[in-house]
Amino acid sequence: LGDTVRVSLTEDPEFEAPVARSLIDRYNDRAQNAQPIAEIKNYPINPYQYERRNTSELKNFGGNNVPRVIADFSNFAITEMDKLKCIGHFYLPATDKWAMNDTGIDYLYSGKNPVPFMLPNGLREIVDFKIWKNIENQSNKYPMMSLSDWAKGESLHPEMNFACGNINDIEKLIKTGFPDKNDLILILETENPHAMPEMRAAFVMLQNAGIKVSVVLKRKYKQISESDFQLYASTDCGGLLLDGLGDGIMLSYQENKDQNTQKIVNSTAFGILQAARTRITKTEYISCPSCGRTLFDLQETTAMIRKRTDHLKGVKIGIMGCIVNGPGEMADADYGYVGIGKDKISLYRGQIVVKRSVNSANAVDELVDLIKEDGKWIEKGEELGLRV
């Protein structure tokens, strides 16, 4: 729908066009290769008001739980504790403890290669069913299988099972009778170039059938740039999460074959959840694109504020170049930094101006002081929590 793509970056405007072009080019030849999606006759989702899909709670999935992140390590064997750094879990040999940051994953899919050491407390492992059933110690380990195998119900985990399926698998199972038991986390996948619409249709199918199983969005991307991976994953999964669809996310880029790629994938997954406002793991910045009214160097100031505040999980800071559109664009920010004249800044708490005409040389310090006054400040390093 629509014929215009607008990209707004806190960078020089010439960097916006390539992003818009990448988004547009993805759809140029899609109609030739896409698989048809059946017409939806009853659409049960209100597109004008956010409401998360009603799902049955299972372990830490569904219900009121935040969406979970699953890292796909099926193509990258984990042999050392150090290899979990890229997904937010750090082993500290001096204390024999694990540390975890805010982007520490919830589940690790190891496929046919189970992790040979004890994982940190709170991190659970998913293993291919044929391997899982022969593991002696199945504590915090769960099987992955096809949706049809799960429906057969043979020798499954008594509490929770993961099963992959696409829209055709779901439709077939609904027709034959979707098993009425609360032990499934559905990994929804698709190879259709029209990925997001097909996955949305699968959610509609589940909702119209009254099936409340939790669903993890799974997408794989190959032979594309890192930038395109971030754009494609964001549009495919973000479009669903914004409508309350999805209880988890599982991404794969270039088959996740090394630690650097895993780090990119992990950052992207948590970034998508943050942008969709479904799971907050970092500071959020709301910044305008610079224009002729901007009264300070927006890029330099944004970088300076980020350097001081990027460890404040959940805090939203608006950085606006002028008073004209600034307060409106940062309407839901906790704090605002707005240019009102040459070298003069106004600081906001929510929608209320609390300091006017602050000299720009002192404005970042005074912003930090304001956050401290409200008890929302922590020192860097304190956000890293230890798990034994």
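Above this text sits the structure in question.
All values derive from a computational prediction rather than experimental measurement.

### Focus on the pattern of salt bridges
Between side chains of opposite charge, a pair can form as their charged atoms come close.
Thinking step 1. For the coordinates displayed, the defined rule picks out 27 salt bridges.
Thinking step 2. Among the salt bridges present, the one from Glu284 reaches Arg277, with a minimum N-O distance of 2.6 Å.
Thinking step 3. A residue is classified by how much of its surface remains accessible, and Glu284, at 14% relative accessible area, is buried.
Thinking step 4. Salt bridges here are not isolated pairs; linked through shared partners, they connect Arg277, Glu284, Lys316 and Asp332.

### A word on helix H7 (residues 226-241)
Thinking step 1. Taking 1.5 Å per residue as the helical rise, H7 with its 16 residues ought to reach 22 Å, and the 22 Å between its terminal C-alpha atoms agrees with that figure.
Thinking step 2. At Thr235, H7 shows its largest bend, some 30 degrees.
Thinking step 3. Within the sequence span of H7, burial applies to Asp228, Phe229, Leu231, Tyr232, Ala233, Asp236, Cys237, Gly238, Gly239, Leu240 and Leu241.

### Topic: the packing of helix H9 (residues 298-309) against helix H11 (residues 360-373)
Thinking step 1. Orientation of H9 relative to H11, taken along the N-to-C sense of each, is 35 degrees, at an axis distance of 11 Å. With respect to the hand of their crossing, H9 and H11 are arranged in right-handed fashion. Residue-level inspection shows Met304, Ile305, Arg308 and Thr309 of H9 in contact with H11, the latter providing Val364, Asp365, Leu367, Val368 and Ile371.
Thinking step 2. Taken together, the residues of the contact of H9 with H11 sort by class into six nonpolar, one polar and two charged.

### A look at the sheet that holds strand S14 (residues 344-349)
Thinking step 1. Read from one edge of the open sheet, five strands run S11-S12-S13-S14-S15, paired in mixed fashion. Single-partner strands in this sheet number two, and they are strand S11 (284-287) and strand S15 (352-359). Direction aside, the axes of adjacent strands within the sheet are offset by 20 degrees on average.
Thinking step 2. Strand direction decides the pairing type here: S11 and strand S12 (residues 316-320), joined by four bridges, are parallel. Opposite Tyr285, over in S12, you have Ile317 as the bridge partner.
Thinking step 3. Along the sheet, H9 contacts S11, S12 and strand S13 (335-341); its crossing angle with S12, the most-contacted strand, is approximately 160 degrees.

### Here's the deal with unusual backbone geometry
Thinking step 1. Residues other than glycine seldom take positive phi values, yet Lys59 does so here, at roughly 55 degrees.
Thinking step 2. Within the secondary structure layout, Lys59 lies in the loop between helix H2 (30-33) and strand S1 (68-72).
Thinking step 3. With a relative accessible area of 38%, Lys59 lands in the partly exposed category.
Thinking step 4. The backbone of Asn140 sits at a positive phi, close to 60 degrees, despite the residue not being glycine.
Thinking step 5. On the secondary structure map, Asn140 appears in the loop between helix H3 (129-132) and strand S6 (141-146).
Thinking step 6. The exposure class of Asn140 is partly exposed, given its relative accessible area of 37%.

### Section: the packing of aromatic side chains
Thinking step 1. Counted by the stated rule, this structure contains eleven aromatic pairs.
Thinking step 2. Here the aromatic rings of Trp150 and Phe178 are separated by 5.7 Å at their centres, their planes lie at 50 degrees, and the arrangement is tilted. Of this pair, Trp150 sits in helix H4 (residues 147-152) while Phe178 sits in the loop between helix H5 (167-176) and strand S8 (184-188), and the two are 28 residues apart along the sequence.
Thinking step 3. Overall, Trp150 belongs to the buried group, its relative accessible area being 0%.
Thinking step 4. Overall, the relative accessible area of 17% leaves Phe178 in the buried class.

### Section: the sheet that holds strand S5 (residues 124-128)
Thinking step 1. Spatial ordering of the closed barrel is given by S1-S4-S5-S6-S7-S8-S9-S10, a layout of eight strands whose pairing is parallel. The average undirected angle you get between the axes of adjacent strands in this sheet is 25 degrees.
Thinking step 2. Sheet analysis places strand S9 (residues 214-221) next to strand S10 (residues 248-253), joined by six bridges and oriented parallel. Each residue of the ladder has a partner; that of Leu217, found in S10, is Ile249.
Thinking step 3. Packed onto the sheet, helix H6 (residues 195-208) meets S8 and S9 and runs at close to 165 degrees relative to S9.

### Here's the deal with the packing of H6 against H7
Thinking step 1. As a packed pair, H6 and H7 sit with axes 9 Å apart at the nearest point and diverge in direction by 30 degrees. In terms of orientation, H6 lies roughly parallel with respect to H7. Every pair of crossing elements has a handedness; the one defined by H6 and H7 is right-handed. Contacts between H6 and H7 involve Ala195, Met196, Met199, Arg200 and Phe203 on the former and, on the latter, Thr235, Asp236, Gly239 and Leu240.
Thinking step 2. Within the contact of H6 with H7, the residues separate by chemical class into five nonpolar, two polar and two charged.

### Some thoughts on a nonpolar patch on the surface
Thinking step 1. Taken together, the side chains of Ile323, Val324 and Ile340 make up a nonpolar region of the molecular surface, amounting to roughly 240 Å² of accessible area.
Thinking step 2. Among the structural elements, Val324 can be located in the loop between S12 and helix H10 (326-329).
Thinking step 3. Residue class for Val324 comes out exposed when judged on its relative accessible area of 52%.

### Some points on the environment of Pro143
Thinking step 1. Looking at the element boundaries, Pro143 is found in strand S6.
Thinking step 2. Among the residues examined, Pro143 registers a relative accessible area of 0% and is labelled buried.
Thinking step 3. Between the C-alpha atoms of Pro143 and Ile126, which are 17 residues apart in sequence, the distance is 5.6 Å.
Thinking step 4. Other than its neighbours up to four places away in sequence, Pro143 contacts Ile126, Val127, Phe129, Trp132, His157, Met160, Asn161 and Phe162.

Analysis parameters
- Residues numbered from 1 in each chain as written.
- Predicted model: local features only at pLDDT ≥ 70, side-chain atom pairs only at ≥ 80, totals over all residues.
- Heavy atoms only, no water.
- Salt bridge = Lys/Arg side-chain N within 4 Å of Asp/Glu carboxyl O.
- Buried < 20%, exposed > 50% of the residue type's maximum accessible area, 1.4 Å probe, protein only.
- Helix = DSSP H or I, 4+ residues; strand = E, 2+ residues; numbered from the N terminus.
- Expected span 1.5 Å × (residues − 1).
- Bend = angle between axes of the 7 residues up to and from the residue.
- Axes fitted to C-alpha atoms, helices over the stretch in contact; angles between N-to-C directions.
- Left-handed = near helix turned anticlockwise from the far one by under 90°.
- Contact = heavy atoms within 4.5 Å.
- Nonpolar A, V, L, I, M, F, W, Y, C, P; charged D, E, K, R; others polar.
- Pairing = 2+ DSSP bridges.
- Phe/Tyr/Trp six-rings, centres within 6.5 Å; stacked < 30°, edge-to-face > 60°.
- Parallel < 35°, antiparallel > 145°, perpendicular 65-115°, else oblique.
- Patch = residues over 30% accessible without salt bridge, like charges linked within 9 Å, V, L, I, M, F, W, Y side chains within 5 Å.
- Areas by Shrake-Rupley, 256 points an atom, 1.4 Å probe, with all protein chains shown as cover.

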